Amino acid sequence: MREVACRSLGHDCGWKHAARTEELLMDVVAIHLRDVHGVPALTQEMVGAIKQAFNNAEPIEISAGDAEPEQETQNRS
Ligand SMILES: [Zn+2]
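Residues numbered from 1 in each chain as written. Predicted model: local features only at pLDDT ≥ 70, side-chain atom pairs only at ≥ 80, totals over all residues.

(A) Fine view of the overall build of the protein chain. Regarding its fold elements, the protein chain presents 2 helices and 2 strands. Scanning the protein chain from its N terminus toward the C terminus, one meets helices and strands in the order β-β-α-α. Here the protein chain holds 77 residues, and the buried ones make up 9% of them. Across the protein chain, contacts joining residues at least 24 apart in sequence account for 41% of those joining residues at least 6 apart. (Helix = DSSP H or I, 4+ residues; strand = E, 2+ residues; numbered from the N terminus. Buried ≥ 20, exposed ≤ 12 C-beta atoms within 10 Å, placed from the backbone. Contact = placed C-beta atoms within 7 Å.)

The following block contains the structure:
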């Protein structure tokens, strides 16, 4: 799942949404921005911010899970 928070797009807003693909998420974000924040269309900046929020979601979890056990074994041995 991909998730994006409205806050990460520069709005003071607690809305967030998760979707299976980037395209689906982009659609829902565009509708939310239009209906709630009065944004007529996504700008290139917003698309970039959404993709960045997207890309950050998964690697952080993976690298955190990978790094910790390795450090522990090194410290003990
Ligand atoms: Zn919002």
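Moving on from the coordinates now.
(B) Region of the structure containing the nonpolar core. Within the largest apolar cluster, 7 residues are counted, these being Val4, Leu9, Leu25, Val29, Leu33, Ile50 and Ala53. Contributions of two or more residues to this core are made by helix H1 (22-37) and helix H2 (44-76). (Core = buried A, V, L, I, M, F, W, Y, C linked by C-beta atoms within 7 Å.)

(C) Spatial organisation of H1. With 16 residues, H1 should reach 22 Å at 1.5 Å per residue; the first-to-last C-alpha distance of 21 Å fits that figure. Residue Gly38 follows H1 closely and has a positive phi angle near 70°. (Expected span 1.5 Å × (residues − 1).)

(D) The arrangement of the environment of Lys51 in detail. For Lys51, the location among the structural elements is in helix H2. Overall, Lys51 belongs to the partly exposed group, with 15 C-beta atoms counted inside 10 Å. Linking Lys51 and Val4, residues 47 residues apart in sequence, is a C-alpha distance of 8.8 Å.

(E) Focus on the environment of Lys16. The topology assignment puts Lys16 in strand E2 (residues 16-19). Among the residues examined, Lys16 registers 14 C-beta atoms within 10 Å and is labelled partly exposed. On a C-alpha basis, the gap between Lys16 and Glu3 in space is 7.1 Å, while along the polypeptide they are 13 residues apart. Not counting residues within four places of it along the chain, the set of residues in contact with Lys16 comprises Glu3, Val4, Ala5 and Cys6.

(F) The arrangement of the environment of Ile50 in detail. Among the secondary structure elements, Ile50 is positioned in helix H2. On the basis of neighbour counts, which here come to 21 C-beta atoms within 10 Å, the residue Ile50 falls in the buried class. Sequence-wise, Ile50 and Val4 are 46 residues apart; in three dimensions their C-alpha atoms are separated by 6.7 Å. If near-sequence neighbours (up to four positions away) are discounted, Ile50 is found in contact with Val4, Leu9, Met26 and Val29.

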